[in-house]
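Examination of the molecular architecture
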Amino acid sequence: IDVTFDRLGQAASAQDLTKILTPDEDDAKELGILFGADEQDIGSAQDLAMQVEVLKNRETVSLLQGYIAKKSPELYNALIGERDQYMAESLAGAIGKKYNRIVGVVGFAHLNGIEKQLQQSGFKLVDMCSP
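Remember, predicted model here, so these are calculated numbers, not experimental data. Within each chain, residues carry numbers counting from 1 in the order of the written sequence. Per-residue local features of the predicted model are confined to residues with pLDDT of at least 70, and side-chain atom pairs are confined, for both listing and counting, to 80 or more; whole-chain, interface and lining totals are unaffected and use all residues. Excluding hydrogens and water, the side-chain values take into account all heavy atoms of the structure.

**Looking at the overall build of the protein**
A run of H or I in DSSP counts as a helix once it spans at least four residues, and a run of E counts as a strand once it spans at least two, with each numbered from the N terminus. Counting its regular elements, the protein contains seven helices and zero strands. For the protein, the succession of helices and strands along the chain, N to C, is α-α-α-α-α-α-α. Note on exposure labels: buried denotes an accessible area under 20% of the residue type's maximum, exposed denotes more than 50%, and partly exposed covers the range between, all computed with a 1.4 Å probe on protein chains only. Here the protein holds 131 residues, and the buried ones make up 23% of them. Working rule for contacts: check all heavy atoms of both residues, and any pair within 4.5 Å makes them a contact. Considering only residue pairs separated by 6 or more positions, the protein has 70% of its internal contacts joining residues 24 or more positions apart. Where accessible areas are quoted, they stem from the Shrake-Rupley method and a 1.4 Å probe; at the residue level, only the protein chains shown are allowed to cover. Element-wise, carbon and sulfur atoms account for 56% of the exposed surface of the protein, whose accessible area totals about 9,400 Å².

**Describing the packing of helix α5 (residues 58-71) against helix α6 (residues 73-94)**
α6 packs onto α5 with a crossing angle of 130° between their chain directions and a minimal axis gap of 5 Å. By the angle class used here, α5 and α6 are oblique. Contacts between α5 and α6 involve Q65, I68, A69, K70 and K71 on the former and, on the latter, P73, Y76 and I80. Basically, the charged four are Asp, Glu, Lys and Arg, the nonpolar ten are Ala, Val, Leu, Ile, Met, Phe, Trp, Tyr, Cys and Pro, and anything else, Gly included, counts as polar. In the contact of α5 with α6, the residues fall into five nonpolar, one polar and two charged. Axis lines are fitted to C-alpha atoms, over the contacting stretch for helices. Their N-to-C directions set the angle, which ranges from 0 to 180 degrees. Throughout, the term roughly parallel applies to angles under 35 degrees, roughly antiparallel to angles over 145, roughly perpendicular to angles from 65 to 115, and oblique to all others.

**Observations regarding helix α7 (residues 108-120)**
Each turn of an α-helix holds 3.6 residues, which means side chains three or four residues apart point in the same direction. Among the residues of α7, H110, G113, I114 and L118 are the ones counted as buried. Those residues of α7 that are buried are in contact with α6. Within two residues after α7, G122 carries a phi angle of roughly 95°, on the positive side.

**Re the pattern of salt bridges**
Within this document, salt bridges are pairs made up of a side-chain nitrogen of Lys or Arg and a carboxyl oxygen of Asp or Glu, the two lying within 4 Å of each other. Applying the stated criterion across every chain, the model contains one salt bridge. Among the ionic pairs, E115 bridges to R58, the shortest N-O distance being 2.8 Å. Separated by 57 residues along the polypeptide, E115 in helix α7 and R58 in helix α5 bring together distant segments of the chain. Residue classification places E115 among the partly exposed residues on the basis of a relative accessible area of 23%.

**Regarding the packing of α5 against α7**
α7 packs onto α5 with a crossing angle of 85° between their chain directions and a minimal axis gap of 9 Å. Taken together, α5 and α7 sit at an angle that is classed as roughly perpendicular. Contact residues: R58, V61, S62 and Q65 in α5; F108, A109, L111, N112 and E115 in α7.

**With respect to the confidence of the model for the protein**
Each residue carries a pLDDT score, the predictor's own confidence in it, on a scale running from 0 to 100. Of the residues in the protein, 75% have a pLDDT of 70 or more, and the chain-wide mean is 78. Ranking the helices and strands of the protein by mean pLDDT puts α7 first, with 92, and helix α3 (residues 25-34) last, with 66.

**Describing α5**
For a helix, the expected span equals 1.5 Å multiplied by the residue count minus one. End to end, α5 covers 20 Å across 14 residues, agreeing with the expected 20 Å (1.5 Å per residue, within 8%). Among the residues of α5, those classed as buried are T60, V61, L64, Q65, Y67 and K71. Buried residues of α5, viewed axially, fall in a sector of 155°; they line one side. Across from the buried face of α5, at angles greater than 90 degrees, the exposed residues are E59 and K70. If you check the start of α5, you find a side-chain oxygen 2.7 Å away from the backbone N of E59, and it comes from N57. To obtain the arc, one takes the directions from the helix axis to the C-beta atoms. Any N or O atom pair separated by 3.5 Å or less is treated as a polar contact, with the protein-specific requirement of one donor-capable and one acceptor-capable atom, and with residues adjacent in sequence counted only for side-chain atom pairs.

Spelled out as structure tokens, the structure:
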């Protein structure tokens, strides 16, 4: 965790955060599809509940990650990319040393990246949670 915070401090400039938090017109249209609340509802409990539900979708998370990667590659790498790599390597390292099967419980934002890295390393992933 300390390494991640150090990397975030190095990668996150005020300019990068401003780029992410102030989308241009094209980005606003793309993000508006994800967070399409009426202006008067923004910040309400109903708006927050809707946004939480939207973020429970893998496609939505991928779109948001793509947006952050486009606006600030350094921040994306420190926040997501490096953590995905570290966790994938940790999971892969546990296989064969002590275990022949492993279950990984990770944050939703890291799921796609970890899966991709493990698959590229030759692992077969079995999703036991999806309907």
